[in-house]
Structures are given as C-alpha cells and as structure tokens.
Amino acid sequence: RTTLGASKMAGGARRRGPEASAKNGDAAEDLPELEEGQWDKDKLLDALHWLKQIVALVCGVAFGLLPVTGLYGLAAFAAINAASAHFFYHSYLQLDEDDYGGHSALLGEGFMPSVFVFQLFWILTYSFAHF
C-alpha cells in the first residue's frame, strides 16, 4: 500500500495527499507552506508590534511596583524593548534583517505605541502601589 502524502517537508510536517483529504472529509486543498525560517514581512512586523506591547505592559507593572522613577526608567524600558525585539528576530527566528527593511524598520515597529502602554501602566501601578 502506498501513500502519496508521506514525503517529509522542511519543517518536519507531512504533506497530505488527495486520499488523506477525502478520507478525513476535508475538501480544502493543501496550501503551500512556508519553509522553516521564512516569515512574511507583514506577519513579522505584527509579531514584533505585539511583542513590544507585551514587554511594555510587563515592564510598566514591574517598574511601577519597584519604585523606579525618572529618565532611568524610561531609558531602561527603551533598552529592554529594543533588546527583546532584537533577540526575537535575530537570535530566536534567525532572520536576516536586511530582507525585512533593516534594523531600524524592525526595531521601530510598534515602538511609540509601546512607550504609551509602558507609561500608562507604569504611572497607574506606581500611583496605586505607592500612594
């Protein structure tokens, strides 16, 4: 017995053949999959945007609970934000940043909204915890 869909793909997933789709009741055709390590530019920028928002929320609450104030807190947040984004696309995903617009495009994506989220949670948490 032979199966047409048993070939290995780059990411380790198996491609399903027409018999497997009909057997499982799935009428949708197989969509082409991205090779491992390839990201669409829009999806990468969206992922970086939301990563920075989560980092901003966590840093805002942490800096508010710890009585961090002034320019040192803002500078520390900017460094943490840039470092987390750089780690994500350079070390974790191992992408070539030149294919996606360079460091400035990737580090700048979602930075200003994350500064707003950071300041909002930093001020609220500091005010509720220390006053």
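### Observations regarding the side chain of K52
Turning to its location among the elements, K52 is positioned in helix α2 (residues 41-65). At a separation of 3.4 Å, a polar atom in the side chain of K52 contacts the main-chain carbonyl oxygen of L106. Sequence-distant contacts of K52, defined by excluding residues within four places in its chain, comprise N81, A85, L106, L107, G108, E109, G110, F111 and S114.

### Digging into helix α5 (residues 111-130)
Its 20 residues give α5 an end-to-end C-alpha distance of 28 Å, which sits within 8% of 28 Å, the value for a rise of 1.5 Å per residue. Residues of α5 that are buried include every one of S114, V115, V117, F118, W122 and T125, and no others. Axial view of α5: buried residues confined to an arc of 165°, hence all on one face. Across from the buried face of α5, at angles greater than 90 degrees, the exposed residues are M112, F116, I123 and F128. On the buried face of α5, the contacting elements are α2 and α3 (71-92).

### Side note on the nonpolar core
One finds L44, L45, L48, A85, F88, Y89, L93, L95, Y100 and L106 forming the largest nonpolar core, which totals ten residues. Of all the elements in the fold, those that place two or more residues in this core are α2 and α3. With sequence-adjacent residues up to four places away left out, L106 is seen in contact with L44, L45, L48, K52, Y89, E97 and Y100. V55, V115, V117 and W122 belong to the second largest nonpolar core, which has nine residues in total.

So, how was this worked out
Residues numbered from 1 in each chain as written. Predicted model: local features only at pLDDT ≥ 70, side-chain atom pairs only at ≥ 80, totals over all residues. Heavy atoms only, no water. Helix = DSSP H or I, 4+ residues; strand = E, 2+ residues; numbered from the N terminus. Polar contact = N/O pair within 3.5 Å; in protein donor to acceptor, adjacent residues only side chain to side chain. Contact = heavy atoms within 4.5 Å. Expected span 1.5 Å × (residues − 1). Buried < 20%, exposed > 50% of the residue type's maximum accessible area, 1.4 Å probe, protein only. Arc of directions from axis to C-beta. Core = buried A, V, L, I, M, F, W, Y, C linked by side-chain atoms within 4.5 Å.

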